[in-house]
Amino acid sequence: MATATHEDALQRWLPRLDERLLPVLPAPRQRVDALLKKREVPLQEVARTIAADPVMSLHLLRECQRLFGRRLGGVPGNVQHCVSLLGLDKLRALLGTLQSLQGDPADPAIHPYLRAIGGSVHALAQVGAWTRYRSQPGADHLLQAALLYSAAEWSLWYFAGADMQIVDRLIRQERIPPKQAELAVFGCSRDQIAHGLGQRWKFPADVLECLDSPQLPDLGFMLRCARAAQQDPNYRLPNRDHHGHMIRSAGMTLHLGDWLARELALDWYSPGTRHCLEIAAVYLNIPLDELRGLIRDCALAISHDWTVPGVVAPAANLIWPVQPRRPRRLKLRQLPAAVSKLRATAAKTPAPEPVRPPAPQAAPIAQKAPAPPPRPTPIGIANDHLPPELDRDRILNAPLPPVAPADTSHRHAGFRSAGHKQTFERFLRDLQDPKRAGSDQDAVRAVVDQLLACTELSRVVAILYQRQADQVETLYAAGCDNHPGLQRLTVYLQPVNLFTHLLKQPASVWISPDRPNPMNALVPGALKRAGQASEFFIMSVFDHRGPFGLFYADRGPGGQTALSNPEYAAFKAACTACSKLLIARGKQGNGR
């Protein structure tokens, strides 16, 4: 159930979206007008032309529901039924109230609206194709609900394009789930707006029930069912999930189709597309390969019919290769600040001015072309207007102006100088030789000394893992003469703390107040008291037998100077090289 904040947002958006009619596509509107001007009007062809424009179909359905909803006890079955109910006179009157979309399809104010209509056409086609594989209760209600669900998105793109641009950026670039992005920007989700519009337009409860997304089954539960169906061909989907929500519902089909259309618009081979296909296959009870062929054939058919200029067809991305996975970049608590920043950026960017048509010009009067302006004589060539001292020889033999020295500070970022960086890189290359003299502990001490001497780190500590005592203690500390706590640091691995997790597998962590991380709460109290630093690096090192120890580095107590990415990269490179050396020496029998 929506909270009070969501109710306030709905009351703010619903009147704005309800009172203004959406513009229809120009090409279907022109074909319908041409058909209605004929003496013998073929109603079936008129209905087929109106169905090619989902926006016109929505207006037709809304008018029929307003006039005949109570008499029919539901909704009309399809567009042809609506045309036959209205008749020619009422159909002409309805079309007279609709405006065609004007402007260039590439206009930033129009293109997203057309793109949203294209995505809705794709979703509607996928839902319609699934009905032949699974007997859906109330298939007509399902398709009408899908049209109503798409109407909310069209209205938001047309009447609130700036806010929808923010939502689209959060979904595409930050990989935020659509519902969370809509709640962060509008205060309410798209299915809530569609539900409110359906109530205002007097749609029956069977249609509104399909829009009720809070009653849908859990996504993780559906993914587990999909995995079980892939392993067992005789697996059957249960009727309810572990929360008691119904699985086999018309709303599930609607939201699966919309989710699939969204994912396919981004990438045909993404993990989100794969998960959606797996869930749809187990829900429709058909093989996964057959479902893949079905959605491709459906997308190709829609792309053949969808000929709106400047809008990418649904099957356009089929030719692109598999893209790398893009993880979510913003946490849920960071969304309000990100939305405020995007709103401020959009407010500073002026909207592009519409291109004005050129004014009609009178017939040109024949006249002579203006003579080109005289070119000035280049300096250095004989010219009576130049002073005698500006001759050609003096200009050519003049000394070159001084050139400012190039800024090379970025070439050794994180190091004390460019020479120290070269020394550090040479040390890492020498560290790759497993036959180097000395013990493993000597190699660890050399890594500590090089990190302190070449980088801008102030304190570096090597911590040795004591397997029998189940603890770690300091092996060698550099730059810690005034900090005896780090020189004699001892931390037990029970109870579980940061060191316990790092010694399970090779891993590094950057602890900082500016970098939220669940590991920040696991820092041992002994390390906090000994180091007195709020920001530091720590990484585990392994040999051929398992965990060997850890490396610790910071910029001194108090955190007056922040650590940087180049320093973190150098620290990890040194620790990784040391770990490889220990493993190689252990395999050759030279370790420990």
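All values reported here derive from a predicted model rather than from experimental measurement.

S.K.: It is not clear to me how the pattern of salt bridges should be interpreted in this structure. Could you clarify?
M.R.: Oppositely charged side chains are able to pair whenever their charged atoms sit close together. Evaluated as defined, the whole model comprises 16 salt bridges. Arg262 serves as the salt-bridge partner of Asp258, at 3.3 Å between the closest nitrogen and oxygen. Of the two residues, Asp258 and Arg262 are both situated in helix H13 (residues 250–266); the distance of four residues between them amounts to about one turn of the helix. You can call Arg262 partly exposed: its relative accessible area is 22%. Across the pair Arg585 and Asp440 runs a salt bridge whose closest N-O atoms are separated by 2.8 Å. Placement of the pair is Arg585 in helix H23 (residues 565–587) and Asp440 in helix H19 (residues 440–454), with a sequence separation of 145 residues.

S.K.: Whenever I open this one, the side chain of Glu263 confuses me. Can you help?
M.R.: Its place among the elements puts Glu263 in helix H13. Excluding anything up to four places from it in sequence, Glu263 contacts Arg175, Ser270, Gly272 and Thr273.

S.K.: In this structure, what is going on with the packing of aromatic side chains? I would like to understand it.
M.R.: Here the distance between the centres and the angle between the planes together describe a pair of aromatic rings. Applying the stated rule across the entire model yields nine aromatic pairs. Note on Trp13 and Phe186: the rings are 5.1 Å apart at their centroids and 85° apart in plane angle, and the pair reads as edge-to-face. Of this pair, Trp13 sits in helix H1 (residues 4–19) while Phe186 sits in helix H9 (residues 178–186), placing them 173 residues apart in sequence. The class of Trp13 is buried, set by a relative accessible area of 5%.

S.K.: Looking at this model, I keep getting lost on H13. Mind explaining?
M.R.: The periodicity of an α-helix, 3.6 residues per turn, causes residues three or four places apart in sequence to face the same way. Taking 1.5 Å per residue, 17 residues should reach 24 Å; H13 reaches 25 Å between its end C-alpha atoms and fits that length. Most of H13 is tucked away, with 13 of its 17 residues classed as buried.

S.K.: Quick question: what am I supposed to make of the confidence of the model for the protein chain here?
M.R.: Low pLDDT marks stretches whose predicted atomic positions should not be read closely. Looking at the protein chain, pLDDT values average 80 and 82% of them are 70 or higher. Here residues 1–5 is modelled with pLDDT under 50, and outside its nearest four sequence neighbours on either side it reaches three contacts, counting other chains as well.

S.K.: I would appreciate a short explanation of the pairing of strand E5 (residues 536–543) in the present structure.
M.R.: Side-chain positions along a regular strand alternate between the two faces of the sheet. Summarising burial for E5: eight of the eight residues are buried, a large majority. Neither face of E5 is exposed, since Phe536, Ile538, Ser540 and Phe542 on one face and Phe537, Met539, Val541 and Asp543 on the opposite face are all buried. Pairing analysis gives four bridges linking strand E4 (residues 508–511) to E5, with the strands arranged antiparallel. Within E5, the residue paired with Ser508 across the bridge is Met539. Across eight bridges, the pairing between E5 and strand E6 (residues 546–554) is antiparallel. Within E6, the position partnered with Phe536 by the bridge is Asp554.

Procedures and definitions
- Residues numbered from 1 in each chain as written.
- Predicted model: local features only at pLDDT ≥ 70, side-chain atom pairs only at ≥ 80, totals over all residues.
- Heavy atoms only, no water.
- Salt bridge = Lys/Arg side-chain N within 4 Å of Asp/Glu carboxyl O.
- Helix = DSSP H or I, 4+ residues; strand = E, 2+ residues; numbered from the N terminus.
- Buried < 20%, exposed > 50% of the residue type's maximum accessible area, 1.4 Å probe, protein only.
- Contact = heavy atoms within 4.5 Å.
- Phe/Tyr/Trp six-rings, centres within 6.5 Å; stacked < 30°, edge-to-face > 60°.
- Expected span 1.5 Å × (residues − 1).
- pLDDT = per-residue confidence, 0-100.
- Pairing = 2+ DSSP bridges.

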